[in-house]
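Residue strings, one per chain:
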Amino acid sequence: MIRASSKLIRYPFSATYVSGLFEHWQKNPQSVPEGWRQYFSEQVNGGTGVQGTTSLNPLDHAKQIQLLYRTYYMFRMFFVCGHQLADLDPLNLPHTKEYGRVKGSRPEMTLDSFGFKKEELDIPIYFGNRDQRSFIYPFMEAKEEWTIREIYDRLSQIYTKKYGVEYIHMVSTEQKHWVEQEMDRIAQWKPSKETQTSTWQRLARVDLFNEFLKNRFTTSKRFGIEGTDTLIVGLEALVDQCAQNKVEHIIVGMAHRGRLSTLANVFKKPLEIIFAEFQNKYSKEIEESWGNIGDVKYHLGVTRDQQFPDGHHIRMTMLPNPSHLEAVNPVVQGKTRALQDICNNKQSCLGIIIHGDAAMAGQGVVYESLQLENLTGYTNEGVIHVVVNNQIGFTTTPIDSRSGLYCTDVAKAIDVPIIHVNADDPDLVEEIFKIAVRFRQQFKKDIVIDLIGYRRYGHNEQDQPAFTQPQMYEIINKQKPVFQIYDQQLRKNGIITDDFANTEIKKLTNILETAYKNIQKETFDKVHWVPKPWEKIQQVTKWGRVKDTGVALSDILELNEKVNNLPAELTVHPQVKRIYEQRKQSIEQGKGIDFGTAEALAFGTLLHEGFSIRLSGQDCERGTFSQRHAVINDQKKDIKYYPLRKQIPNGGNNRFEVFNSPLSEYGVLGFEYGYSQSNPNVLTIWEGQFGDFANGAQIMIDNFITSGESKWNVPSGLVMMLPHGLDGQGPEHSSGRMERYLQLMDDDPNIVFQMKEQRIKRQILDSNFQVCVCSNPSNYFHSLRRQLRRDFRKPLILFNSKRLLKFSKATSDISLFLEGTRFHRLIPDSHEEIKTPKEISKVIICYGQVYYDILQKRQDSKRNDVAIIRVEQLAPFPYDHFRVVAQQYENAEFVFCQEEHQNSGGWQYLEPRIQNVLSLLHQQGKIKHQYLTFCGRRPSASTASGSSTVHKQELEKLLSILFQ
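In this text, all values refer to a predicted model and were calculated from it rather than measured experimentally.

What counts as what
- Residues numbered from 1 in each chain as written.
- Predicted model: local features only at pLDDT ≥ 70, side-chain atom pairs only at ≥ 80, totals over all residues.
- Heavy atoms only, no water.
- Core = buried A, V, L, I, M, F, W, Y, C linked by side-chain atoms within 4.5 Å.
- Buried < 20%, exposed > 50% of the residue type's maximum accessible area, 1.4 Å probe, protein only.
- Helix = DSSP H or I, 4+ residues; strand = E, 2+ residues; numbered from the N terminus.
- Contact = heavy atoms within 4.5 Å.
- Pairing = 2+ DSSP bridges.
- Axes fitted to C-alpha atoms, helices over the stretch in contact; angles between N-to-C directions.
- Phe/Tyr/Trp six-rings, centres within 6.5 Å; stacked < 30°, edge-to-face > 60°.
- Lys, Arg positive; Asp, Glu negative; His and termini not counted.
- Salt bridge = Lys/Arg side-chain N within 4 Å of Asp/Glu carboxyl O.
- 1 Å grid on protein atoms, 1.4 Å probe; cavity = no way out; pocket = protein on both sides within 12 Å on 5 of 7 lines; lining within 4 Å.
- Points joined across faces, edges and corners; volume = space filled by probe spheres on them.
- Nonpolar A, V, L, I, M, F, W, Y, C, P; charged D, E, K, R; others polar.
- pLDDT = per-residue confidence, 0-100.
- Disulfide = S-S within 2.5 Å.
- Parallel < 35°, antiparallel > 145°, perpendicular 65-115°, else oblique.
- Left-handed = near helix turned anticlockwise from the far one by under 90°.

Glancing now at the nonpolar core. Judged by nonpolar contacts, the single largest core of 87 residues is most densely connected at Tyr137 and Leu231. When residues in this core are grouped by element, the largest group, ten residues, is from helix H4 (residues 58-81). Among all residues touching leucine 231, those that are not within four sequence positions of it are Ile225, Met254, Thr262, Ile354, Val386, Val388, Phe433 and Leu451. Core analysis: the second largest hydrophobic core is formed by 74 residues, Ile751, Val917, Leu921 and Ile927 among them.

In space, the seven strands of this open sheet follow the order E15-E12-E16-E17-E19-E18-E23, with mixed pairing throughout. The sheet is open, and its two edges are formed by strand E15 (656-660) and strand E23 (873-875), each paired on a single side. The mean inter-strand angle of the sheet, taken between neighbouring strand axes irrespective of direction, is 20°. Running at roughly 165° to strand E19 (residues 796-801), helix H29 (residues 777-788) makes contact with strand E12 (612-617), strand E16 (682-687), strand E17 (719-724), strand E18 (770-772), E19 and E23 of the sheet.

Let us look at the packing of aromatic side chains. Considering all chains together, one arrives at 39 aromatic pairs under this definition. Judged by centre distance (4.9 Å) and plane angle (50°), the rings of tryptophan 907 and phenylalanine 934 are tilted. Placement of the pair is tryptophan 907 in helix H32 (residues 907-923) and phenylalanine 934 in strand E25 (residues 932-937), with a sequence separation of 27 residues. Among the residues examined, tryptophan 907 registers a relative accessible area of 11% and is labelled buried. Residue classification places phenylalanine 934 among the partly exposed residues on the basis of a relative accessible area of 21%. Chaining the aromatic ring pairs together yields one cluster made of Tyr69, Tyr73, Phe75, Phe78, Phe79, Phe114, Phe116, Tyr137, Phe139, Trp146, Tyr152 and Tyr159.

Take the side chain of glutamate 657 next. Counting through the fold element by element, glutamate 657 comes out in strand E15. Within the buried set, glutamate 657 has no salt-bridge partner at all; the shortest N-O distance to an opposite charge, 4.4 Å, is to arginine 614.

This part takes up empty space enclosed by the protein. Roughly 120 Å³ of volume is contained in the largest cavity. Contributing elements (two or more residues each) for the lining of the largest cavity: helix H23 (595-608), E17 and E19. Approximately 90 Å³ is the volume found for the second largest cavity. In terms of lining residues, the second largest cavity is bounded by 14 residues, among which His724, Val773, Gly848, Gln849 and Glu899 are the most central. Of the residues forming the lining of the second largest cavity, the biggest block, three residues, is contributed by E19. Residues belonging to the lining of the second largest cavity are distributed by class as follows: six nonpolar, six polar and two charged.

Attention shifts here to the sheet that holds strand E24 (residues 893-901). If you walk across this open sheet you meet the five strands as E20-E22-E21-E24-E25, and the pairing is mixed. The open sheet terminates on both sides in strands that have one partner only, identified here as strand E20 (826-827) and E25. Sheet topology places strand E21 (residues 842-846) next to E24; four bridges connect them, and they run parallel. Looking at the pairing, isoleucine 845 lines up with phenylalanine 896 of E24. Helix H33 (residues 948-962) rests against E21, E24 and E25 of the sheet, and its axis sits at about 160° to E25.

Mean pLDDT over the protein chain stands at 88; residues scoring 70 or higher make up 89%. Looking at the elements of the protein chain, mean pLDDT is at its lowest for helix H12 (residues 284-288), recorded as 46, and at its highest for strand E22 (residues 866-871), recorded as 98. Within the model, pLDDT remains below 50 along residues 47-59, and this stretch shows 17 contacts once partners closer than five positions in the same chain are excluded. Low pLDDT, under 50, characterises residues 524-531; the stretch is placed with 29 contacts to residues that sit more than four places away or in other chains.

Take the state of the cysteines next. Per the stated rule, a full pass over the model turns up zero disulfides. Left without a disulfide partner, cysteine 846 is nearest to the cysteine sulfur of cysteine 897, which lies 6.6 Å away.

Moving on: the pairing of E15. The element E15 is extensively covered by neighbouring structure, given that four of its five residues are classed as buried. Pairing of E12 with E15 involves five bridges; the strand directions are parallel. Along E15, the bridge assignment pairs arginine 614 with glutamate 657.

Moving on, we get to the pattern of salt bridges. By the definition in use, this model includes 46 salt bridges. Of the charged contacts, one joins glutamate 236 and lysine 268 as a salt bridge, the two residues approaching to 3.4 Å between their closest N and O atoms. With glutamate 236 in helix H9 (residues 230-244) and lysine 268 in the loop between helix H10 (259-265) and helix H11 (271-278), this pair connects stretches of sequence that are 32 residues apart. When its relative accessible area of 36% is taken as the criterion, lysine 268 is described as partly exposed. Through salt bridges with shared partners, one network takes in Arg202, Arg205, Glu236, Asp240, Lys268 and Glu430.

For the rest of this paragraph, the subject is unusual backbone geometry. Here the bond from alanine 875 into proline 876 is cis, since omega is -10°, no more than 30 degrees from zero. Along the polypeptide, proline 876 turns up in the loop between E23 and helix H31 (879-886). Even without being a glycine, glutamate 326 presents a positive backbone phi close to 70°. The topology assignment puts glutamate 326 in the loop between strand E7 (313-318) and helix H13 (329-343). Backbone geometry at glutamate 381 places phi at a positive 55°, although glycine is not the residue there. By relative accessible area, which is 22% here, glutamate 381 ends up partly exposed.

Interhelical geometry of helix H30 (residues 850-861) versus H33 gives an angle of 55° and a closest axis separation of 10 Å. With respect to H33, the axis of H30 lies oblique. In this structure, the crossing between H30 and H33 has a hand that is right-handed. Listed contacts from H33 to Asp853, Ile854 and Lys857 of H30 are Leu955, Glu956, Leu959, Ser960 and Leu962. Residue composition of the contact of H30 with H33, grouped by class: four nonpolar, one polar and three charged.

Shown next as structure tokens:
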């Protein structure tokens, strides 16, 4: 009998290296490390620790060590490469260039390839005590001695099934051992008759639904699941397992492939609604409501509550999504995190993201989203990822769409297991999905399932895939659908009878036919769930009129004492201490309140009123420009102090959270958008380090934030803070690309001609979002509070000046924060030194920080016949307020001025709206000059000059022309 070391199997070494160490040990045991001394002693002396005589000569010892090494090497090869032996491809495609690297070049893993001789195969090897054997592999616990033949047969049984697991890259030994136990269990596992009958019913429902859509809606795109039908079976099993684990919320994000089948069979979305969507039938309420332009049926979402036999409920949500693949991923994570924060239990809320194989490997947002997995401010403590692997992306095969062996290789970056499974084995798929839930619940980590199947038709049902993959589709056309294979298997094995099967199929067919007949006589509403209490907006009138966002002086003074008096035991950096002292002093004196102080007042008063704050972004704890310091780091101890949490009663610290984000825009902004959907009573803010950083998240802005409510009736109160302003710092960090957002606004520039009072009141309610540029701290304060002091939610894009953060002239008196005050969409000129409105010869309309440049130029030029109007809410444009202010200047000409180039900034959006108001006033005889002129930088491909000298020259020229 030969003695083996469990540690050597896990951590194998070169045979030459081991033989050399053995020779050194024979000459002088002290010449080798202690671990090796113990190992060689066990081999030669049975573990006595004494180097005595032995019947084996050194050559025999070396041969034994070589044999053990080959055994260790065999284990290691199965651990690392065993997944490549698995039977994963239902089509059994050959390994050619057309089909790519789906299966890879299988390593040779035979007894001969490991170098074993026939006479060595049945030598018993002692592998230590139970714990030592378990450390090698769970099945080895069964007995002390194993032969090489037994080990090889057992490993082959585990690793050549229709699943393969990549897990050796993981760090945790405990988690790897758990995975191995499950692999060993599945190798011996057989489903019960009841389980297989249930699986058959689920698969029959999927197959009949697909066939019904195919036959009834022959010319419609449906992006069917055929070829990976068992996704539905797996998801239903997953939901069942979640119920056993007392999960309360499931949030799913997926692309179009298989979405309709998932909605119908997993989410139980009424078939009538699905069929009505195929025929473009909606309720009258939806057709007449603002903004509901709708979306194609395979982008729509749904929410439903499912009750289980034991009385447990799960609220299941499928998020709507655009055609941009994987874009919904961070939205799922954000919404899930919001629910977890509400429930104060991360394990009770589960996010599921369903990927496509080509998109998983190709879309950068996948990596950005995966990186959130274990970050404090973003973790869901485990997301289940499922790849619907068609082995093709539209017309592109894996050889052209990824560099690695699997499309899931990117997930190895976050230390999680990856399970590949053959989609044509329904029983195995169900079990793998259940394992995924158990792993997530136990280890609070992500897990990936790679469901490898095929796509029976083209990218959509009208497409011809044989144009580009003729050989592949010749094989697919001969492949029986998985339901036929499984049905025949169960009938043959006596699990189900012909009578049972025929009766069930007839019943399911009747359900489909009945639903189809119903839509001929009814209309249906897409919104068919009742909000939970936490999904509703708090009673905003509790603190006064909705529009009035000012607060009582006593509340501000109390907040000042709580927040700006830092604890004596906290070692604060002198500059940070000075900032808090200045904030406290400005509030006490009632003047000189800057933007940082105004923001803290907005946050603190909202917390006082029972709302919550979540602020996320790159370096936002401190603030890019050192303006915030919402989190103070002790200079001597590893302690973070949150001053604004002093506003919150004990136990509610999670009501104010600030997180420095990873260096990601697309993923993090999507996360915050998802978070903002779940709880309207949280002020959810994403701050770009610079305004142009949002460029990397344009897909999220275009397809979710600015259009989500219009397409899917999904409101959001997300705030995007974008530092913006031309300060002579070069083209990259000067502009937040305001013009892009304004182009996405849906307000009608001709609304001024139908200015009914009720329409004015509904202006923001009936717009898709807001764009504001606050020129003073008090208006910034009100813009933030206004977000939650309404009975509806709209996204807010805030372009914040970097220069004004600490600009002495851009401060506010405390009176502008008190009760009865509100946000000013437009600020007229109230300076006493200018002439009366009738005597004004020129009105300059502007926004943002350039106002202070214009104001200074007016003072220097001593032009008291020029008035300046500041537009603070650019969109939707305040037609009503501007009309009242503009008509006072009956003899003036109107000039629009911006610091941005003419093809950037607000000009192109504001010009037709301002012009329409002026034309109307001129038509009514209220003003003399009706045309609006432009004064600003000339059009440019770049947002700003790279030279501070040129910047100053441009600004001076602009101002000189303005005051000619």
